[in-house]
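Summary of structural features
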Amino acid sequence: MTTRAALLALLALLVLPACGRKGPPVAPEVRVPMPPTTLAATVRAGEIALTWRNPTRRADGSRLRDLDAVTLWRVADQGAGAAKPAILSGDRVVGYTRVAVIRLASPAPAVVDRNQVQYVDRADLNDGARYTYVVTATDFQDRTSAPSPRLSVVYITAPKPPTSLRGEAGERRARLAWDPPAELVDGRPLSGTIRYDVLRASSPDAVPAAITKAPIAEREYSDTNLENDQTYYYSARAVRNVEGVLLEDHF
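None of the values given here were measured: they were computed from a predicted structure. (Residues numbered from 1 in each chain as written. Predicted model: local features only at pLDDT ≥ 70, side-chain atom pairs only at ≥ 80, totals over all residues. Heavy atoms only, no water.)

Looking now at the overall build of the chain. Looking only at helices and strands, the chain has one helix and 17 strands in total. Looking at the chain residue by residue over its 251 residues, the buried ones come to 33%. Partitioning the contacts of the chain with sequence separation of at least 6, the portion at a separation of at least 24 is 64%. As presented, the chain carries roughly 15100 Å² of accessible surface, and 52% of it is formed by carbon and sulfur atoms. (Helix = DSSP H or I, 4+ residues; strand = E, 2+ residues; numbered from the N terminus. Buried < 20%, exposed > 50% of the residue type's maximum accessible area, 1.4 Å probe, protein only. Contact = heavy atoms within 4.5 Å. Areas by Shrake-Rupley, 256 points an atom, 1.4 Å probe, with all protein chains shown as cover.)

Where a strand is regular, its side chains alternate between the two sheet faces. Two elements, strand β11 (residues 163–170) and strand β12 (residues 173–179), share six bridges in a ladder whose sense is antiparallel. Its bridge partner lying in β12, G170 is registered against R173. Between β11 and the antiparallel strand that follows it, β12, lie two residues; R172 among them carries a positive phi value of about 55 degrees. (Pairing = 2+ DSSP bridges.)

The topology assignment puts A137 in strand β9 (residues 130–139). With relative accessibility at 0%, the residue A137 sits in the buried group. Apart from the residues lying within four places of it in its own chain, the contact partners of A137 are P33, M34, P36, P55, L67, A69, V70, R143, T144 and S145.

Bringing the confidence of the model for the chain into the picture now. A residue-level look at the chain finds 86% of positions with pLDDT of 70 or above and a mean pLDDT of 87. Counting contacts from residues 1–21, a segment whose pLDDT is below 50, to residues more than four positions away or on other chains yields zero contacts. (pLDDT = per-residue confidence, 0-100.)

It is worth spelling out the sheet that holds strand β6 (residues 97–103) at this point. Judged by pairing direction, the sheet is antiparallel, and its four strands sit side by side in the order β6-β3-β9-β10 without closing on themselves. The sheet terminates laterally at β6 and β10 (151–154), the two strands that pair on one side only. Within the sheet, the average angular offset between the axes of one strand and its neighbour, ignoring direction, is 25 degrees. The pairing of β9 with β10 spans four bridges and is antiparallel. Its bridge partner being in β10, R130 is matched across the sheet by V154. (Axes fitted to C-alpha atoms, helices over the stretch in contact; angles between N-to-C directions.)

What follows is the structure, given as structure tokens:
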């Protein structure tokens, strides 16, 4: 009995490692998250507001269920020639400065709505400088995605807000008008193309939302299909366009 028991134990020891192999090994790089997408930016007074979409898949096409954090990277230059390439080395982007690490469990000061992220960069922005951004994603296994496509933004001075906003209530509508900004926020005269967004809120404390689909050239707007006997709160925002760069006042 003793000899047979020893033999069975030896067979189990030899067989068990082979039984654990269920298929060929998977290369680590195919399990990394896909990079974030749709990186976009709007320049405002004293800040660059960025948005992007977090990944929901891995590089092998499988669902990404354990996304831990996304990291925003930036490099600054004077805008001559092509922007610096974004090359990942380990968990860093070579030559780029880490602006923010946004943990999905506690994303503040970023705002995360499902897979959409908003972050405002206010760190050491210089007029006329070009800032190139990328974003990387990291899962709970510390596997980091490739950088997102680069986005380059020239930081240029924003306009001051429009002045003398006024409104007239009508039958299920409100007619609004305003005057253009007097100057840029640094006191220089206006230049570039000025357009306007109209925003509306349901209370003085609510965050206003744009009701114009795109910035308009006119300095007046009619908001229709409103409810009678209800109060609406409006604001107008100036948008400056300089060589394709949009700059909003920070009302």
